[in-house]
Each structure stands twice: as structure tokens, then as C-alpha cells.
Amino acid sequence: MQAKTGDRIVIRGRTVESPDRHGEVIEVRGEGGGPPYVIRFDDGHQSVIQPGSDFEIAHDQHT
């Protein structure tokens with residue numbers, strides 16, 4: 001999995017009641033675009049993420 005700054009991400013909810021979380025990659029800490037990633041979620045929360053199977057990247061089309 002590879003990402004770059006500005007890519008949008010979605011973390012899928014694990015249960016029916018859990019909403020998806022959306023955010024933006026603001027820092028890539030791994031080599032060659034690999035994880036971990038610093039994510040700013042749409043609610044303003046920031047977190048370092050090691051992606052799992054519920055993680056999707058929508059690559060920024062403007063760079």
C-alpha cells in the first residue's frame with residue numbers, strides 16, 4: 001500500500017452500526033509511500049495509522 005500527502009482515505013466501519021471514517025493523509029512516515037501515515041480526519045482529529053484491511057486510499061488526482 002502506498003500513499004502520498006493529500007490523498008484521501010476511508011476506514012470502513014467494522015459493523016453495521018459503525019460509520020466509515022474519512023480523512024486526508026498529511027504525512028507519510030514509511031519509505032516509498034508506505035505506512036505508517038498521519039491522518040487528519042474530517043472531524044479534525046489527527047492520528048498515526050497503520051492501515052488494515054478496512055483502509056482504502058483515494059489517490060489525489062490534482063498532483
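Look up: the structure comes first, before these words.
Residues numbered from 1 in each chain as written. Predicted model: local features only at pLDDT ≥ 70, side-chain atom pairs only at ≥ 80, totals over all residues. Heavy atoms only, no water.

**Focus: the overall build of the protein**
(1) Moving on: Each helix and strand in the protein was counted, giving zero helices and five strands.
(2) Moving on: The C-alpha radius of gyration of the protein comes to 11 Å, within 12% of the 11 Å expected for a compact globule of 63 residues.
(3) Moving on: Put simply, the protein has 63 residues, and 27% of those count as buried.
(4) Moving on: For the protein, the proportion of contacts with a sequence separation of at least 24, taken over those separated by at least 6, is 38%.
(5) Moving on: Entry remark: accessible area of the protein is about 4,300 Å², with carbon and sulfur atoms responsible for 47%.
(6) Moving on: Across the protein, the mean location of the 7 positive side-chain charges is 2 Å away from that of the 11 negative side-chain charges. (Helix = DSSP H or I, 4+ residues; strand = E, 2+ residues; numbered from the N terminus. Rg over C-alpha atoms; globule rule 2.2 N^0.38 Å. Buried < 20%, exposed > 50% of the residue type's maximum accessible area, 1.4 Å probe, protein only. Contact = heavy atoms within 4.5 Å. Areas by Shrake-Rupley, 256 points an atom, 1.4 Å probe, with all protein chains shown as cover. Lys, Arg positive; Asp, Glu negative; His and termini not counted. Charge placed at Lys NZ, Arg CZ, Asp CG, Glu CD.)

**Thoughts on the environment of Ile11**
(1) Moving on: Inspection of the secondary structure assignment puts Ile11 in strand E1 (residues 8-11).
(2) Moving on: Judged by its relative accessible area of 14%, Ile11 falls in the buried class.
(3) Moving on: Separated by 10 residues in sequence, Ile11 and Arg21 place their C-alpha atoms 5.1 Å apart.

**What about the side chain of Asp7?**
(1) Moving on: Within the secondary structure, Asp7 is located in the segment before E1.
(2) Moving on: A distance of 2.9 Å separates a polar side-chain atom of Asp7 from the backbone nitrogen of Lys4. (Polar contact = N/O pair within 3.5 Å; in protein donor to acceptor, adjacent residues only side chain to side chain.)

**Examining the packing of aromatic side chains**
(1) Moving on: The final tally for this structure, using the stated rule, is one aromatic pair.
(2) Moving on: Judged by centre distance (6.1 Å) and plane angle (15°), the rings of Tyr37 and Phe55 are stacked. Here the residue Tyr37 occupies a position in strand E3 (residues 37-41), and Phe55 occupies one in strand E5 (residues 55-58), the gap between them amounting to 18 residues.
(3) Moving on: Taking relative accessible area as the criterion, Tyr37 reaches 0% and is therefore assigned buried.
(4) Moving on: What makes Phe55 buried here is its relative accessible area of 6%.
(5) Moving on: Stacked on the ring of Phe41, the Lys or Arg Arg21 has its end atom at 3.8 Å from the ring centre. (Phe/Tyr/Trp six-rings, centres within 6.5 Å; stacked < 30°, edge-to-face > 60°. Lys NZ or Arg CZ within 6 Å of the ring centre and 35° of its normal.)

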